[in-house]
Amino acid sequence: MERPGRLLQLSELRVRNTAYEVSLSRSLLTWKKRVSSSVYHTFKPSLCHSVAVSEIISVREEEENSSKDDGSWRKIRERQERDCRRAFTVSYVERGRNHRWRCAEVSFICPDASLCQRWVHSILEQLAALSCRPKHLLVYINPHGGKKQGNRIYEQKVAPLFAQAGVTTQVIVTEYANHARDHLRTDAELKQFDGVVCVGGDGMFSEILHGLIWRMQLDSAVNPNSPEEALQPCSLRIGIIPAGSTDCICFATVGTNDPVTSALHIIVGDSQPMDVCSVHHNDSFLKYSVSLLGYGFFGDVLSDSERKRWMGPARYDLSGLKMFLTHHYYEGTVSYLPAKGIMGTPRDSGRCRSGCVVCEYNGEAFTQKGEKYKLDESFDTESDDEWRTVRGKFLAINAASMSCACPRTPKGLSPAAHLADGTTDLILVRKCSRFDFLRHLIRHTSKDDQFDLAFVEVHRVSRFRFVPRQCQSDSDLNLPEAHKRQIFGPLCRDHPACGCSPHYSSWNCDGEVLNHTAIDVRVHCQLIKLFARGIEEMTVLEEVTSPCAI
Ligand SMILES: CCCCCCCCCCCCC/C=C/[C@@H](O)[C@H](COP(=O)(O)O)NC(C)=O
Ligand SMILES: Nc1ncnc2c1ncn2[C@@H]1O[C@H](COP(=O)(O)OP(=O)(O)O)[C@@H](O)[C@H]1O
Ligand SMILES: [Ca+2]
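Within any chain, residue numbers begin from 1 and follow the written order of that chain's sequence. As a convention, the first chain written is A and the first ligand written is 1, with the rest following in written order. The model is predicted, so local features are restricted to residues of pLDDT at least 70 and side-chain atom pairs to those at 80 or more, both for listing and for counting; the totals for chains, interfaces and linings are taken over all residues. The basis for the side-chain values is all heavy atoms of the structure; hydrogens and waters are excluded.

Attention shifts here to the environment of N178. Looking at the secondary structure, you find N178 in the loop between β9 (168–173) and α4 (179–187). Overall, the relative accessible area of 28% leaves N178 in the partly exposed class. Taking the C-alpha atoms as reference points, N178 and M204, 26 residues apart in sequence, are found 8.5 Å from one another. Helix numbering and strand numbering both begin at the N terminus, where a helix is a DSSP run of H or I of at least 4 residues and a strand a DSSP run of E of at least 2. Each residue's exposure class comes from its accessible area (1.4 Å probe, protein chains only) as a fraction of the maximum for that residue type: buried when under 20%, exposed when over 50%, partly exposed otherwise.

Next comes the structure, spelled out in structure tokens:
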């Protein structure tokens, strides 16, 4: 944490009826209880509190009560009003359990009105100097996500905090799927905003992601179709207010799915860079992904659950059970380019946390690689002999660009994956017995290593391709709709007893079904930024929150 530095204000003020020595520096607001006894040369820790200026939400002078009462009550009221006028209240971030943040308040009573105003002015001046804080936000609400609480969550829990912090908004409640994506792509006047807020689940986040990245490429004349093209990073940060079913992107970047915590991360102007995978098919762009690209098990769970949307988040449990029992495997070829010159492996015990050094190191390595590539056209980062190929029958092929931690699996699909290291963890689960697959699945929820099984392999990669077996000759699966329905849907439902597997699964791309199975995926290091800071370690927690040690 920054050292307190030069004091901007130092006064003796009261908190309720107790005298405190209150000080303000550029980085800290501190209040210490006055202890007159000569025994204490220092303040007892429990009597000293401090809050980082960067975590102050707002400061306000207490409002006067315009009372029309008279008689004996009048005097009392006048006295109260005088006190009020001399008090100011600071709202700040308070850390709770499990990474939850709350807005706490403390009121300081000043001996005179001018001192009170000086304090308020000084704090406001420090807050205004925090250039990372957003002032004007574009908010999209999906009213149908998760348990259909998007509107209520925003109005009751988030809007009042934004108003209190002086953050203004333009709110759009979406009327149909892809409304937010299309609005961002073409209509939104992005220049006036400091960020975009998404109220919904992973699917809704995906809309915002697509709208913003697409717009950015159009504005900077980059061809988004070619996987070889380096994409233009997005300048606007994205905030996620969780109101969906899985909310894995919020959980993995904040540590909890809680609307108030997310709103506070937005207000304080946090910034978390994030990798984005672009998914292509034969040189045409399909989709972007930041969390999970899953073929086989997770693809099937998603496509099955789409028909059960009416059930809300529970649809995933039912479809999960059904797909586990169905036990389909799929044949195909996976080729991948192992990530080179990076720090970290998918089997590390270390985790991606706030201020992650692995992300910082790899982020810089990728930036330098990009520049080197530009300077020297012949610089070959991806020569053919570096590609590796795995052929076989798979129950699941998952690419996790981040841990994909969510309440269903708090450690995630790839616990050691990083948010911003320019790589994705490619997890191959080969055909095995139902019992073994269950062992693998259950390990997602326990301390045991889900990769430590003979039929599972995991590789940290910067690119990968998949081709299902049936179309390996022409490496194309752009089938007419009727044909596709025949392949994807009814095959085995029509022959429940035949025991055969359908030839194709579909890809689950951050909770959206992809309509191609043969894909080419490239990771773009730190292409976007979120209003988040990664999951905080407990040690950071102890340092930042009061009480303070002197
Ligand atoms: C028997 C024990 C089983 C434990 C299995 C653990 C698997 C946990 C599944 C985690 C999935 C994390 C990846 C997140 C995917 C989301 O993008 C997607 C869509 O989420 P949304 O509905 O938009 O919030 N959700 C699913 C389940 O595919
Ligand atoms: N107004 C709307 N009506 C119907 N669907 C919408 C609307 N707005 C967004 N969507 C779509 O709803 C889907 C699911 O939204 P999401 O917020 O991720 O909830 P969930 O987590 O429950 O899937 C997304 O694919 C999104 O494109
Ligand atoms: Ca990553």
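Resuming the write-up.
Now for the packing of helix α3 (residues 150–164) against helix α7 (residues 259–267). Where α3 contacts α7, the axes come no closer than 10 Å and their chain directions differ by 30 degrees. Considering the angle they form, α3 stands roughly parallel to α7. The interaxial crossing formed by α3 with α7 has right-handed handedness. For the pair formed by α3 and α7, the contact residues are I153, K157, V158, L161 and F162 on the first element and P259, V260, A263, L264, I266 and I267 on the second. Gly is put with the polar residues, along with every residue not named as nonpolar or charged; the nonpolar set is Ala, Val, Leu, Ile, Met, Phe, Trp, Tyr, Cys and Pro, and the charged set is Asp, Glu, Lys and Arg. A class-by-class count of the residues in the contact of α3 with α7 yields 10 nonpolar, no polar and 1 charged. Axis geometry follows a simple rule: fit a line to the C-alpha atoms, using only the stretch in contact for helices, then measure angles between N-to-C directions, giving values from 0 to 180 degrees. The cut-offs work like this: below 35 degrees is roughly parallel, past 145 is roughly antiparallel, 65 to 115 is roughly perpendicular, and the gaps in between are oblique. For a crossing to be left-handed, the near helix must be turned anticlockwise from the far one by less than a right angle; the clockwise case is right-handed. Any two residues having at least one pair of non-hydrogen atoms within 4.5 Å are treated as being in contact.

This part is about the coordination of the calcium ion (ligand 3). In a perfect tetrahedron of four donors around a metal, the angles come out at 109.5 degrees. In a perfect octahedron of six, they are 90 or 180 degrees. Only nitrogen, oxygen and sulfur atoms qualify as donors, and only when within 2.8 Å of the metal (3.2 Å in the case of Na, K and Ca); with water excluded, sites may look incomplete. Donor atoms from the polypeptide that coordinate the calcium ion (ligand 3) comprise D275 (OD), S401 (O), H418 (O), D421 (OD) and T423 (O), at 2.3 to 2.6 Å from the metal. Along the chain, the residues that donate to the calcium ion (ligand 3) are spaced as D-x125-S-x16-H-x2-D-x1-T. Pair noted here: D275 is in strand β12 (residues 272–281) and T423 is in the loop between β16 (388–400) and β17 (424–430), with a separation of 148 residues, a long-range link.

Quick look at the site of ligand 1 now. Working definition: residue near molecule or strand if any one of its non-hydrogen atoms lies within 4 Å of it. Around ligand 1 sit 19 residues in total, of which G203, T246, Y316, N508 and D510 are the nearest. Contacts described as polar in this section are N or O atom pairs within 3.5 Å, which, within protein, must combine one atom able to donate a hydrogen with one able to accept it, while residues neighboring in sequence count only if both atoms come from side chains. Measuring from an oxygen atom of ligand 1, one finds a side-chain N or O atom of N508 at 2.9 Å. A distance of 3.3 Å separates an oxygen atom of ligand 1 from a polar backbone atom of G511. Protein chains bury 86% of the 720 Å² of accessible surface belonging to ligand 1 in isolation. When residues of the shell around ligand 1 are traced back to their parent elements, those giving at least two are α5 (202–219) and α9 (315–326). The residue inventory of the shell around ligand 1, partitioned by class, reads 7 nonpolar, 8 polar and 4 charged. Domain start and stop points were drawn from an automatic or database domain assignment. Summarising the domain contributions, the shell around ligand 1 has at least three residues from each of domain 2 (132–271 + 531–550) and domain 3 (282–362 + 383–523). Only the protein chains shown count as cover for residues, and all accessible areas are computed by the Shrake-Rupley method using a 1.4 Å probe.

The domains assigned to the chain are domain 1 (7–130), domain 2 (132–271 + 531–550) and domain 3 (282–362 + 383–523). Taken together, the contact pairs 31 residues of domain 2 with 28 residues of domain 3. Across the domain 2 to domain 3 interface the summed buried area is about 2500 Å²; carbon plus sulfur atoms make up 61%. We define a salt bridge as a side-chain nitrogen of Lys or Arg found within 4 Å of a carboxyl oxygen belonging to Asp or Glu. Our count for the contact surface shared by domain 2 and domain 3 stands at 1 salt bridge. When the shortest N-O distance is used, the salt bridge between R463 and E228 registers 3.2 Å. Per-element tally for the side of domain 2 that touches domain 3: the top contributor is α5, with 8 residues. Accessible area that two parts lose when put together, with a 1.4 Å probe and added across both, is what the buried area reports.

What follows concerns the nonpolar core. Across soluble globular proteins, nonpolar side chains have a tendency to be buried as a group. Ranked by internal contacts, the top residues of the largest apolar core, which has 68 residues, are Y140, F205 and I528. Domain assignment of the residues forming this core places at least three in each of domain 2 (132–271 + 531–550) and domain 3 (282–362 + 383–523). Beyond its immediate sequence surroundings of up to four residues, Y140 is in contact with I172, A180, H183, L184, A188, V196, V197, C198, V199, M204 and I208. We call a set of buried Ala, Val, Leu, Ile, Met, Phe, Trp, Tyr and Cys residues a nonpolar core when their side-chain atoms join them within 4.5 Å.

A few words on the environment of G96. As for its position among the elements, G96 is in the loop between β6 (87–95) and β7 (101–109). Residue G96 is classed as partly exposed on the basis of its relative accessible area of 34%. Distance in space between the C-alpha atoms of G96 and E386 is 47 Å, their sequence separation being 290 residues.

Right, let's talk about the site of ligand 2 for a bit. Taken together, the neighbourhood of ligand 2 is formed by 20 residues, with G146, T174, G201, E207 and S245 sitting nearest. With respect to ligand 2, the backbone of G201 contributes an N or O atom lying 2.7 Å from an oxygen atom. With respect to ligand 2, the backbone of G203 contributes an N or O atom lying 2.8 Å from an oxygen atom. If one sorts the elements of the shell around ligand 2 by residue count, α5 sits on top with 4 residues. Tallied by class, the residues present in the shell around ligand 2 amount to 4 nonpolar, 10 polar and 6 charged. Formed jointly, the shell around ligand 2 draws a minimum of three residues from each of two domains, domain 2 (132–271 + 531–550) and domain 3 (282–362 + 383–523).

Let's shift gears to the pattern of salt bridges. Evaluated as defined, the whole model comprises 28 salt bridges. R60 is the salt-bridge partner of E62, the closest N and O atoms lying 3.9 Å from each other. Take R60: its relative accessible area is 33%, and that puts it in the partly exposed class.

Across the 10 residues that make up helix α8 (residues 297–306), a large majority, 8, are buried. Taken residue by residue, α8 has F297, F298, G299, D300, V301, L302, D304 and S305 as its buried positions.

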